[in-house]
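Topology and contacts: notes
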Amino acid sequence: MLAAALENIPLMIVATGALVGIAAALPGTFLVLRGSSLLSDAISHSIVLGIVLVWMMSGAQSGPLQLIGAAVTGLATVFLTELVAGTGRVKNDAAIGLVFPALFSIGVLLLNVYARDVHIDQHTVLLGEIGFVWLDTVALGAYEVPRSLLSMGAMCAINLVFVVLLFKELKLATFDRALAAALGFMPGLLFYALLALTSATAVAAFDAVGAVLFIAFVIVPPSAAYLLTDRLSLMLLLSAAIATLSSIAGYVVAVLFDVSIGGMMAVMTGLFLLLAFLFGPRYGIIAQALRRRRAATVTPA
Amino acid sequence: MSPSADRALDLQNGAEPLHEPGLAVHVEDLTVSYHEKPVLFDIDLNVPPGVMCAVVGPNGAGKSTLIKSILGLVKPTSGHITLHGLSYREVRSRVGYVPQRSTVDWDFPTTVLDVVTMGLYGRLGWFKRPGRHERRKAEEALRLVGMEDFARRQISQLSGGQQQRVFLARALVQEADVYFLDEPMAGVDATTERAIVKILGRLRDAGKTVIVVHHDLQTVTTYFDWLVLLNVRVIAQGPVQETYTAENLRAAYGGQIALLDRGAPAE
């Protein structure tokens with residue numbers, strides 16, 4: 001049965017999309033709550049430089065070495081951003097905007113000069129091609145497993161363990177950094193660990209969905225979940241659910257209209273955000289309008 | 001580094017193992033700079049245990065920075081700080097902290113009870129989850145601040161005064177010996193202010209030390225028995241009766257006389 005599932009191309013594509021979405025939404029939830037979601041944008045661009053550098057040094061296009069390289073590049077991005085902002089001459093958002101295009105452009109230039117004939121190219125870097133994940137497989141015992149499915153499954157598991165084990169610490173550090181520091185929970189270190197995992201997830205997701213679509217998965221499902229619940233644990237669950245639904249719906253619609261699968265998955269995350277915005281039980285604009293009207297009829301003018 | 005290793009290092013460097021154990025807070029030669037500009041300069045501070053102490057000074061005097069330095073949240077350029085004779089790391093579990101209300105996101109997806117439970121995270125340590133025992137403690141603290149009916153509420157539904165009570169409850173569950181509160185009376189209603197003062201007074205009467213960054217000169221003498229007047233340097237410190245003088249206030253506030261007209265004592 002497992003072998004049959006692994007032969008099922010649509011299932012493999014949807015499963016990979018869902019794993020990317022879940023793996024991204026877990027750290028994404030904390031980034032969105034912290035107001036740092038754009039750091040995922042910066043990271044997912046600047047790790048192009050990391051990927052190229054690791055490739056030039058080791059020849060590895062993917063695998064654990066690339067994940068570690070990505071984590072290091074991601075951290076370097078954030079570190080440089082904080083360094084620039086720390087001078088007090090540049091605001092934090094501008095610092096992000098200064099650092100990542102610089103790193104990204106160096107990465108793209110290196111690609112142009114040294115990697116013309118290699119598989120990694122700008123198109124893949126930005127958009128990926130989830131429709132072909134089933135072509136690149138690795139043997140795992142008796143089974144041929146898509147490489148992306150395997151790497152995304154691993155990243156998903158790592159992120160899940162991190163978030164479950166450190167749920168209380170992440171919650172406190174995100175909500176009240178000062179108290180977290182005063183109690184000895186090292187919020188700075190936790191935040192860096194979170195960003196290292198985000199970077200590693202980004203590079204693992206590259207083949208499948210590329211940088212831009214990865215950002216959508218980091219930011220949009222948590223933002224939609226935020227509108228639907230008042231509990232952090234539920235927000236994490238809903239983010240994962242929305243990411244999964246988006247990849248299923250994205251695949252179906254993309255096949256129907258014969259358009260980019262990854263692109264349509266990202267569109268679907270946006271659609272779910274719109275639905276949450278309109279119909280959310282507490283923060284949705286319809287529910288709020290109804291509450292206002294009810295309040296108006298109860299209290300006579 | 002573990003507390004004992006910390007201590008061992010102190011001994012190695014020839015420092016005395018205990019610094020002023022009789023004082024709740026002891027600060028020596030503390031200087032803190034931000035972008036090379038001193039925010040606090042050469043602070044020497046002694047607060048005895050069992051007092052309710054106001055930290056008062058004009059905007060930018062470094063009041064919050066002083067508290068953050070004592071709690072290790074801000075890295076000083078120089079200085080030495082002890083609480084009951086020990087470094088902050090060693091007494092972390094005996095110190096309660098209420099940050100400024102505006103420093104957190106009140107739209108965060110969490111409940112009142114959950115926020116209060118956060119005060120117990122330090123005691124729980126890494127990885128351990130709060131359980132029934134923690135929940136009961138948090139509920140008890142909510143009763144003390146009169147917020148027990150709000151336990152299940154999402155925190156964004158609270159008024160400013162209610163938010164401040166929740167923060168106070170979160171500090172109460174810490175069952176600390178020394179409490180630091182950053183502007184707990186800022187922007188709260190009169191009822192809440194009275195409630196906060198009453199609870200803090202009870203802590204003081206139980207022998208705890210309560211240190212409050214305060215913004216309202218008019219209430220200093222009614223609420224507090226100890227005063228630290230700050231303006232980058234320490235202008236005055238000691239019992240309120242001795243330190244709350246027009247001369248000291250003028251030294252701290254300089255030209256901002258408008259503030260003094262209402263709050264200052266007669267000369």
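On a predicted model such as this, the values are computed, not experimentally measured, just so you know. (Residues numbered from 1 in each chain as written. Chains lettered and ligands numbered in written order. Predicted model: local features only at pLDDT ≥ 70, side-chain atom pairs only at ≥ 80, totals over all residues. Heavy atoms only, no water.)

**Description of the interface of chain A and chain B**
Across the contact, 32 residues belong to chain A and 33 residues belong to chain B. Summed over both sides, the interface between chain A and chain B buries roughly 2,800 Å², with carbon and sulfur atoms accounting for 66% of that surface. Viewed at the interface, chain B and chain A are joined by two salt bridges. Close ionic contact of Lys 171 of chain A with Asp 114 of chain B constitutes a salt bridge, the shortest N to O distance being 2.6 Å. Across the contact surface, chain A and chain B share twelve residue pairs in polar contact (both at pLDDT 80 or more). Of the residues forming the side of chain A that touches chain B, the biggest block, seven residues, is contributed by helix H8 (residues 167-175) of chain A. When the residues that make up the side of chain A that touches chain B are grouped by side-chain class, the tally is 19 nonpolar, six polar and seven charged. (Contact = heavy atoms within 4.5 Å. Buried area = accessible area lost by both parts, 1.4 Å probe. Salt bridge = Lys/Arg side-chain N within 4 Å of Asp/Glu carboxyl O. Polar contact = N/O pair within 3.5 Å; in protein donor to acceptor, adjacent residues only side chain to side chain. Helix = DSSP H or I, 4+ residues; strand = E, 2+ residues; numbered from the N terminus. Nonpolar A, V, L, I, M, F, W, Y, C, P; charged D, E, K, R; others polar.)

**Observations concerning a negative patch on the surface**
Residue and element names in this part refer to chain B. The grouping of Glu 20, Glu 28, Asp 29, Asp 42 and Asp 44 at the surface amounts to a negative patch. The set of elements that each furnish at least two residues to the negative patch consists of strand S1 (25-34) and strand S2 (37-47). When you line up the elements, Asp 29 lands in strand S1. Classification of Asp 29 as partly exposed rests on a relative accessible area of 39%. (Patch = residues over 30% accessible without salt bridge, like charges linked within 9 Å, V, L, I, M, F, W, Y side chains within 5 Å. Areas by Shrake-Rupley, 256 points an atom, 1.4 Å probe, with all protein chains shown as cover. Lys, Arg positive; Asp, Glu negative; His and termini not counted. Charge placed at Lys NZ, Arg CZ, Asp CG, Glu CD. Buried < 20%, exposed > 50% of the residue type's maximum accessible area, 1.4 Å probe, protein only.)

**Looking at the confidence of the model for chain B**
Any residue range with low pLDDT should be treated as having predicted coordinates unsuitable for detailed reading. Residues and elements named next belong to chain B. Chain-level pLDDT for chain B is 88 on average; 88% of the residues reach the 70-or-more range. Here residues 1-17 is modelled with pLDDT under 50, and outside its nearest four sequence neighbours on either side it reaches twelve contacts, counting other chains as well. Confidence estimates for the predicted assembly give a pTM of 0.88 and an ipTM of 0.86. (pLDDT = per-residue confidence, 0-100.)

**Describing the sheet that holds strand S4 (residues 78-83) of chain B**
All names here are of chain B. What the three strands build is an open sheet, ordered S2-S1-S4; its pairing is antiparallel. Strand pairing shows two members of the sheet lacking a second neighbour, S2 and S4, which therefore form its edges. Recorded for the sheet is a direction-independent mean angle of 20° between the axes of neighbouring strands. Looking at chain direction, S1 and S4 are connected through five bridges and run antiparallel. What sits directly across from His 26, in S4, is Thr 82. (Pairing = 2+ DSSP bridges. Axes fitted to C-alpha atoms, helices over the stretch in contact; angles between N-to-C directions.)

**Overview of empty space enclosed by the protein**
Residues and elements named next belong to chain A. Within this structure, the stated rule accounts for three cavities of 30 Å³ or more. Within this model, the largest cavity holds a volume of roughly 90 Å³. Taken together, Phe 30, Arg 34, Leu 170, Ala 173, Thr 174, Arg 177, Pro 187, Leu 190, Phe 191 and Leu 194 make up the full set of residues lining the largest cavity. With four residues, the top contributor of residues to the lining of the largest cavity is helix H10 (residues 187-226). The residue inventory of the lining of the largest cavity, partitioned by class, reads seven nonpolar, one polar and two charged. (1 Å grid on protein atoms, 1.4 Å probe; cavity = no way out; pocket = protein on both sides within 12 Å on 5 of 7 lines; lining within 4 Å. Points joined across faces, edges and corners; volume = space filled by probe spheres on them.)

**Comments concerning the sheet that holds strand S6 (residues 178-182) of chain B**
All names here are of chain B. The mixed open sheet is built from six strands, whose spatial order is S5-S6-S7-S3-S8-S9. Only two strands of the sheet have a single partner each, and these edge strands are strand S5 (95-98) and strand S9 (233-239). Direction aside, the axes of adjacent strands within the sheet are offset by 15° on average. Alignment of S6 against strand S7 (residues 209-213), held across five bridges, turns out to be parallel. Opposite Asp 182, over in S7, you have Val 213 as the bridge partner.

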